[in-house]
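# An overview of the molecular structure
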Amino acid sequence: MKPIPISLALEEIITTGIRQRLQDPASARFGTMLAGERTLGGRQEIVVCGHVIVKKSSGGYGTDEPFAAKIYPDAGSTFELVAIGNEPPNRSLIGDTCRAAGLAIQDSEPKADL
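### Observations concerning the nonpolar core
- Counting 16 residues, the largest nonpolar core has Ile-14, Ile-18, Val-48 and Phe-67 as the members making the most contacts within it.
- In terms of nonpolar packing, the next biggest core, distinct from the first, is built from 9 residues, Ala-83, Ile-94, Cys-98 and Ala-101 among them.

### Thoughts on the sheet that holds strand 2 (residues 29-40)
- On the basis of which strands lie adjacent, the open sheet formed by 5 strands has the order 1-2-3-4-5 and antiparallel pairing. Strands at the two margins of the open sheet, each flanked by one partner only, are strand 1 (2-4) and strand 5 (78-84). On average, adjacent strands in this sheet sit at an angle of 25 degrees to one another, irrespective of strand direction.
- Strand direction decides the pairing type here: strand 1 and strand 2, joined by 3 bridges, are antiparallel.

### Regarding the state of the cysteines
- With the rule as written, the count across this model stands at 1 disulfide.
- Sulfur-sulfur distance for the disulfide between Cys-49 and Cys-98 comes to 2.0 Å. Judged by the sign of its S-S torsion, about -110 degrees, the cystine formed by Cys-49 and Cys-98 is left-handed. With a gap of 49 residues between them, Cys-49 in strand 3 (residues 43-53) and Cys-98 in helix 2 (residues 90-100) connect regions that are remote in the sequence. Here the two residues Cys-49 and Cys-98 agree in accessibility, since each one is buried.

### Overview of the pairing of strand 2
- Examined bridge by bridge, strand 2 and strand 3 share 10 bridges and lie antiparallel to one another. Considered in strand 3, the bridge of Leu-40 is made with Arg-43.
- Between strand 2 and strand 3, which follow one another and run antiparallel, lie 2 residues, and Gly-41 among them has a positive phi close to 60 degrees.

### Some thoughts on the pattern of salt bridges
- Within the structure shown, the criterion is met by 3 salt bridges.
- With a shortest N-O distance of 3.9 Å, Glu-45 and Lys-70 are connected by a salt bridge. Of the two residues, Glu-45 is situated in strand 3 and Lys-70 in strand 4 (residues 65-72); the sequence distance between them amounts to 25 residues.
- The exposure class assigned to Glu-45 is buried, which follows from its relative accessible area of 5%.
- You can call Lys-70 buried: its relative accessible area is 18%.
- With a closest N to O distance of 2.9 Å, Arg-99 and Asp-96 form a salt bridge. In this pair, Arg-99 and Asp-96 are both assigned in helix 2, 3 residues apart and thus about one turn of the helix distant.
- For Asp-96, a relative accessible area of 47% puts it in the partly exposed group.

Parameters at a glance
Residues numbered from 1 in each chain as written. Predicted model: local features only at pLDDT ≥ 70, side-chain atom pairs only at ≥ 80, totals over all residues. Heavy atoms only, no water. Core = buried A, V, L, I, M, F, W, Y, C linked by side-chain atoms within 4.5 Å. Buried < 20%, exposed > 50% of the residue type's maximum accessible area, 1.4 Å probe, protein only. Pairing = 2+ DSSP bridges. Helix = DSSP H or I, 4+ residues; strand = E, 2+ residues; numbered from the N terminus. Axes fitted to C-alpha atoms, helices over the stretch in contact; angles between N-to-C directions. Disulfide = S-S within 2.5 Å. Salt bridge = Lys/Arg side-chain N within 4 Å of Asp/Glu carboxyl O.

Below you can see the structure in the form of structure tokens.
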């Protein structure tokens, strides 16, 4: 997999895709995100691995939640969430997906709200 920079357009696809799957999308704070691109079976695929923090129901921010996603530029930049969260089996699915793509990520502090 070839590492690629995350453009503003790609960042928008990622953050929108993740926010759509959260109970409190406006509270999402994104940390480090890494992306890689490949062609698999004739289909272009971008794998993204990163972290997001969302508010807990009590009002404070929760823990750093890892995520893995795929974007398909040849299909109108379709977003597919592979998994999100630290709970099994998500944690191992995220780790396996990111390692296979060469995108191992460390726990990180979130960036400012996007």
